[in-house]
Amino acid sequence: AADARTARRARGPWREAWSVFRRNYAALVGLGILCVVVVTVVAGPYLYPVDPFDIVGGPKMAPGEEPDALLGTDYLGRDVLAGLVRGGRPTLMVGFFAAMITTLIGITIGALGGYYGGRVDAVLGRVTEFFQVLPALLFAMVLIMLFTPSLVTVTVAIGVVAWTSMARLTRAEFLRIKQLEYVRAARAIASSNSRIIWGVILPNALPPIIVAATLATGSAILFEAGLSFLGLSDPNVMSWGMMIGSNRNYLREMWWAVSFPGACIFLTVLAISLVGDGLNDAFNPKLRTR
């Protein structure tokens, strides 16, 4: 057992994390589903070049009823399959870039507060608490209504309201790591504060941040779907949330127009959650021996 642990340490933390991750079958299933979704939304529009706003048949046609619309049509006669194929790309893009904004804001505020402490930490802590007590959905709705509803506006709004948990996680990691010996050694050789923050502490704080960023992507996708459901997204861009929102009044008459995009959102968020759980197990040394 001791030799096995020594061999794992010799492989490096990232290779060891990948070794643990690939033994997690649920995480591999999630990764497989996510890869299928990404490939479908990237290559799908080229393989199925149908505009999701085009009227291809009669309204409310069930799946299989119209050869040109395999998954049926919505209340206007638009192809549901085309909406799924074209709508996945904006949904994933909003989720990914909103998670990036959330991560960047959270890391910056959490790193500065955790490293400097004192008055800097107190001020940034109050800013974090202010954003944390604001109703995220209402705040995002206000931001979107102040500007023209678009994918960029929605992405920025989600990123701006969802960074507080990332900031708290980053702050906790910096408070823990800045007391370790190699950080003290960096100070002893007169390394600058920026060098210590971004070059010494942050790389060692990345594992839990990566896990949190992965889960933030799934949350952002759900957030975007909710805003689109309320009609607060770009009306000229098809997304899974927009499909659900525009057809919600006809759920009993045509379940497929709501169920199919809902299933796509569910599977995508589930896959991201499974991958996030797998990364958590892989990066957490306390869980590697399970």
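Residues numbered from 1 in each chain as written. Predicted model: local features only at pLDDT ≥ 70, side-chain atom pairs only at ≥ 80, totals over all residues. Heavy atoms only, no water.

Chemist: Explain the overall build of the protein here, please?
Modeler: A count of helical and extended segments in the protein gives 12 helices and 0 strands. The N-to-C order of helical and strand elements in the protein reads α-α-α-α-α-α-α-α-α-α-α-α. Dimensions of the protein, computed from the C-alpha atoms along their principal axes, are close to 75 × 50 × 30 Å. Taken over 290 residues, the protein has a buried fraction of 43%. Working note: accessible area of the protein is about 15,000 Å², and carbon and sulfur atoms make up 66% of it. Here the protein carries 25 positive and 18 negative side-chain charges, and the mean point of each set is 17 Å from the other. (Helix = DSSP H or I, 4+ residues; strand = E, 2+ residues; numbered from the N terminus. Buried < 20%, exposed > 50% of the residue type's maximum accessible area, 1.4 Å probe, protein only. Areas by Shrake-Rupley, 256 points an atom, 1.4 Å probe, with all protein chains shown as cover. Lys, Arg positive; Asp, Glu negative; His and termini not counted. Charge placed at Lys NZ, Arg CZ, Asp CG, Glu CD.)

Chemist: Could you clarify how one ought to interpret the nonpolar core in this entry?
Modeler: As a rule of thumb, nonpolar side chains are buried together in soluble globular proteins. One finds Val 80, Ile 221, Trp 240, Met 243 and Ile 265 to be the most contacted residues of the largest nonpolar core, which totals 19 residues. Listing elements by their share of this core, those giving two or more residues are α3 (25-47), α4 (80-116), α10 (193-229), α11 (240-247) and α12 (256-283). Considering every element that reaches this core, the biggest residue donor is α12, with 6 residues. Ignoring any residue separated from it by four or fewer positions in sequence, one finds Ile 221 in contact with Thr 91, Leu 92, Gly 95, Ile 265, Thr 268, Val 269 and Ile 272. (Core = buried A, V, L, I, M, F, W, Y, C linked by side-chain atoms within 4.5 Å. Contact = heavy atoms within 4.5 Å.)

Chemist: I tried to follow the side chain of Thr 214 on my own but got confused; where do I start?
Modeler: Note that Thr 214 resides in helix α10. Not counting residues up to four positions away in its chain, the partners in contact with Thr 214 are Ile 272, Val 275, Gly 276 and Leu 279.

Chemist: Looking at this structure, I do not really get helix α5 (residues 118-133). What am I missing?
Modeler: Residues that lie three or four places apart on an α-helix share one face, since the helix turns once every 3.6 residues. When the terminal C-alpha atoms of α5 are compared, their 23 Å separation across 16 residues agrees well with the 22 Å that a helix rising 1.5 Å per residue should span. Where α5 is concerned, the buried positions are Asp 121, Leu 124, Gly 125 and Thr 128. For α5, the angular spread of the buried residues around the axis is 110°, confining them to a single face. Set apart from the buried face of α5 by more than 90 degrees, the exposed residues are Arg 119 and Val 133. Those residues of α5 that are buried are in contact with α4 and α8 (164-177). (Expected span 1.5 Å × (residues − 1). Arc of directions from axis to C-beta.)

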